[in-house]
Number of protein chains: 2
Amino acid sequence: MRWHKISDAVVRRLPLYLRVLEEASRDEDKQLMSSQELGDRAGVAPALVRKDLAWFGEFGKQGVGYQVDYLKTELRRILNLDREIRVGLVGVGALGHALVRYHRIRSMRNSSFHINLIALFDNDPAKFGEHVVDLEIWPLELLAEKIKALKLEIIIVTVPAAHAQEVVDLAVAAGIKAILNFAPVKLTVPEGVHLANADLSLELQRLAYYLNE
Amino acid sequence: MRWHKISDAVVRRLPLYLRVLEEASRDEDKQLMSSQELGDRAGVAPALVRKDLAWFGEFGKQGVGYQVDYLKTELRRILNLDREIRVGLVGVGALGHALVRYHRIRSMRNSSFHINLIALFDNDPAKFGEHVVDLEIWPLELLAEKIKALKLEIIIVTVPAAHAQEVVDLAVAAGIKAILNFAPVKLTVPEGVHLANADLSLELQRLAYYLNE
């Protein structure tokens, strides 16, 4: 069962809530948390926390708060984080390289999630067979084949802007439903495919709001 | 004048609205836009668009929509994007390198904003004096001095997790009020300093929601 009308803005906050709950449960052995506290820790207004979570069921009790373990399990299930999700990365330039190192090292330290980056692709023959941390770089030509064989579900795109659409089209044709794009270009995907743009500029613009306070 | 009670979630959406308006005005010479259309293009529910913008004034007319140019100017002003904002980056490893290249090349192409990355720092003497695109790498020891002399307002932190807090403390002591952190670690900043965490893991967790629909 999926909830088709949930807005992206709501979905964007769910991993934040989950992280707060994971930390509170791991570091403080916390059993109950009010929407006020969950909101404060996640940087979201408590009323919005209650509204967001209400889309998915009745998790909290008035005056008691949320049961940390239960809500954590439910959020994991809602986010599909109760199973392994396999990720590929296309474009092992400076940014791709950095992301692989970051992600592989993090996931070695924190095994509580199962979003695993397991395949790297590039179109530069000089890189084929090279390793980043423990992952080999494969030719872009193998992308479609590997997506199917390895059951990759998410593709991270770190190719130059001019090649990004082409890579996305290849991945979508091979069955990919979720894409995290770092190329500074607006991409088109068919209905049913979800595209997220990781954009440094937007982050900086948002931070600028807080200057001059 | 600032609006102290605006939640981070609202602020997070403002640059998205601004980008939609910029694109519509540049590519389509659009004069008016309904909250429905603005919401569709930004991936936000129209009711939320209206609610977000209402925090800052009365920008739209019922049945007519928003005046693109006026709202664009106002959002720029609200976000402090009507003036130059100077940014420094600390930690020119693989990720830092990639971000500098990405940002410098983008800002050369798109000069409509004035968020300028103008200073790089590292603690590795082997890198001192090296250039990334057109920027020289300075010793970390100069951070406080350069923050003041160059009036840097935002610091991007791409140092290893173990050094991030130390760098942030140095920057905050020198007057920095906004930090974009890429180090995979939870940092502490004093009241009045705004910390944003750019986190690949959160993006991937969010995308996982859309799998299996």
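Thresholds applied
Residues numbered from 1 in each chain as written. Chains lettered and ligands numbered in written order. Predicted model: local features only at pLDDT ≥ 70, side-chain atom pairs only at ≥ 80, totals over all residues. Heavy atoms only, no water. Helix = DSSP H or I, 4+ residues; strand = E, 2+ residues; numbered from the N terminus. Buried < 20%, exposed > 50% of the residue type's maximum accessible area, 1.4 Å probe, protein only. Contact = heavy atoms within 4.5 Å. Areas by Shrake-Rupley, 256 points an atom, 1.4 Å probe, with all protein chains shown as cover. Buried area = accessible area lost by both parts, 1.4 Å probe. Salt bridge = Lys/Arg side-chain N within 4 Å of Asp/Glu carboxyl O. Polar contact = N/O pair within 3.5 Å; in protein donor to acceptor, adjacent residues only side chain to side chain. Least-squares fit on C-alpha atoms with pLDDT ≥ 70 in both. Domains from an automatic or database assignment. Pairing = 2+ DSSP bridges. Axes fitted to C-alpha atoms, helices over the stretch in contact; angles between N-to-C directions. Arc of directions from axis to C-beta. Core = buried A, V, L, I, M, F, W, Y, C linked by side-chain atoms within 4.5 Å. Phe/Tyr/Trp six-rings, centres within 6.5 Å; stacked < 30°, edge-to-face > 60°.

This part is about the overall build of chain A. Along the backbone of chain A there are eight helices and ten strands. Taken over 213 residues, chain A has a buried fraction of 54%. The contacts of chain A with a sequence gap of at least 6 include a subset with a gap of at least 24, amounting to 57%. Counting only carbon and sulfur atoms, one obtains 51% of the accessible surface of chain A, whose full area is about 9900 Å².

Below, the discussion takes up the interface of chain B and chain A. Contacts between the two partners involve 61 residues from chain B, matched on the other side by 60 residues from chain A. Carbon and sulfur atoms supply 64% of the area that chain B and chain A bury against each other, a total of about 6300 Å² over both sides. At the surface where chain B touches chain A, the tally comes to two salt bridges. At the surface where chain B touches chain A, the tally comes to six residue pairs in polar contact (both at pLDDT 80 or more). Counting residues per element, the ones that place at least two in the side of chain B that touches chain A are α1 (8–28), α3 (46–54), α5 (94–109), β8 (154–157), β9 (178–181), β10 (194–197) and α8 (200–208) of chain B.

Time to look at the relation of the copies chain B and chain A. For the pair chain B and chain A, the superposition axis carries a translation of 0.0 Å, the fit reaches an RMSD of 0.0 Å, and the rotation angle comes to 180 degrees. Taken together, the rotation and translation describe the operation of a two-fold axis. A share of 98% of interface residues in chain B that are also interface residues in chain A marks the association as one of identical surfaces.

Quick look at the domain arrangement of chain A now. Split into domains, chain A comes out as domain 1 (8–78) and domain 2 (85–203). Each of domain 1 of chain A and domain 2 of chain A has a C-alpha centre, and these two points are 30 Å apart.

Another point: the sheet that holds strand β3 (residues 65–67) of chain B. The pairing of strands in a sheet comes from backbone hydrogen bonds and takes either a parallel or an antiparallel form. Residue and element names in this part refer to chain B. The three strands lie next to each other as β1-β3-β2, forming an open sheet whose pairing is antiparallel. Single-partner strands in this sheet number two, and they are β1 (32–33) and β2 (60–61). Summarising the sheet, β2 and β3 pair through two bridges and their orientation is antiparallel. Within β3, the residue paired with Lys-61 across the bridge is Gly-65. Sitting on the sheet, helix α4 (residues 68–78) is in contact with β1 and β3, with an inclination near 70 degrees to β3.

When charged atoms on two side chains of opposite charge get close, those side chains can pair. Residues and elements named next belong to chain A. Applying the stated criterion across every chain yields a total of 26 salt bridges over all chains. Taking the shortest distance from any N to any O, the salt bridge between Arg-41 and Glu-37 comes out at 2.7 Å. In this pair, Arg-41 and Glu-37 both sit in helix α2 (residues 35–42), four residues apart, roughly one turn of the helix. According to the relative accessible area criterion, Arg-41 is partly exposed, its value standing at 32%. We classify Glu-37 as partly exposed; its relative accessible area is 24%. Taking the shortest distance from any N to any O, the salt bridge between Glu-153 and Arg-83 comes out at 2.7 Å. With Glu-153 in the loop between α6 (143–149) and β8 (154–157) and Arg-83 in the loop between α4 (68–78) and β4 (85–90), the pair connects residues that are 70 residues apart, well separated along the chain. Residue classification places Glu-153 among the buried residues on the basis of a relative accessible area of 18%. With a relative accessible area of 24%, Arg-83 lands in the partly exposed category.

Let us now look at helix α3 (residues 46–54) of chain A. Here α3 of chain A has its buried residues at Pro-46, Leu-48, Val-49, Asp-52 and Leu-53 of chain A. Each buried residue of α3 of chain A sits inside an arc of 155 degrees when the element is viewed along its axis, so together they form one side. Tucked into the core, α3 of chain A has its buried residues touching α1 (8–28), α2, β3 (65–67) and α4 of chain A together with α1 of chain B.

On to the nonpolar core, then. Leu-38 and Leu-53 of chain A together with Leu-38 and Leu-53 of chain B are the most contacted members of the largest nonpolar core, which totals 110 residues. Every residue in contact with Leu-38 of chain B, bar those within four places of it in the chain, is listed here: Tyr-17, Val-20, Leu-21, Met-33, Val-49, Leu-53, Tyr-66 and Leu-71 of chain B.

Attention shifts here to the packing of aromatic side chains. Residues and elements named next belong to chain B. Throughout the structure, instances matching the rule amount to six aromatic pairs over all chains. On the basis of an interplanar angle of 55 degrees and a centroid distance of 6.1 Å, the ring pair of Phe-59 and Tyr-70 is categorised as tilted. Here Tyr-70 lies in helix α4 and Phe-59 lies in the loop between α3 and β2, a separation of eleven residues in the sequence. Taking relative accessible area as the criterion, Phe-59 reaches 11% and is therefore assigned buried. Residue classification places Tyr-70 among the partly exposed positions, given a relative accessible area of 41%. Judged by centre distance (5.0 Å) and plane angle (85 degrees), the rings of Tyr-209 and Tyr-210 are edge-to-face.

To continue, consider the side chain of Thr-158 of chain A. All names here are of chain A. Structurally, Thr-158 can be placed in the loop between β8 and α7 (161–173). Judged by its relative accessible area of 12%, Thr-158 is buried. A distance of 2.6 Å separates a polar atom in the side chain of Thr-158 from the backbone oxygen of Gly-91. Not counting chain neighbours up to four residues away, the residues in contact with Thr-158 comprise Leu-89, Val-90, Gly-91, Leu-95, Gly-96, Leu-99 and Phe-182.

Within α4 of chain A, the full set of buried residues consists of Val-68, Leu-71, Lys-72, Glu-74, Leu-75, Arg-76 and Ile-78 of chain A. Elements that come into contact with the buried residues of α4 of chain A comprise α1, β1 (32–33), α2, α3 and β3 of chain A.

Below, the discussion takes up the pairing of strand β5 (residues 115–122) of chain A. All names here are of chain A. Most of β5 sits out of view: six of its eight residues are buried. Where β5 meets strand β7 (residues 135–139), three bridges bridge the pair, whose relative direction is parallel. Within the sheet, the bridge partner assigned to Leu-120 lies in β7 and is Ile-137.

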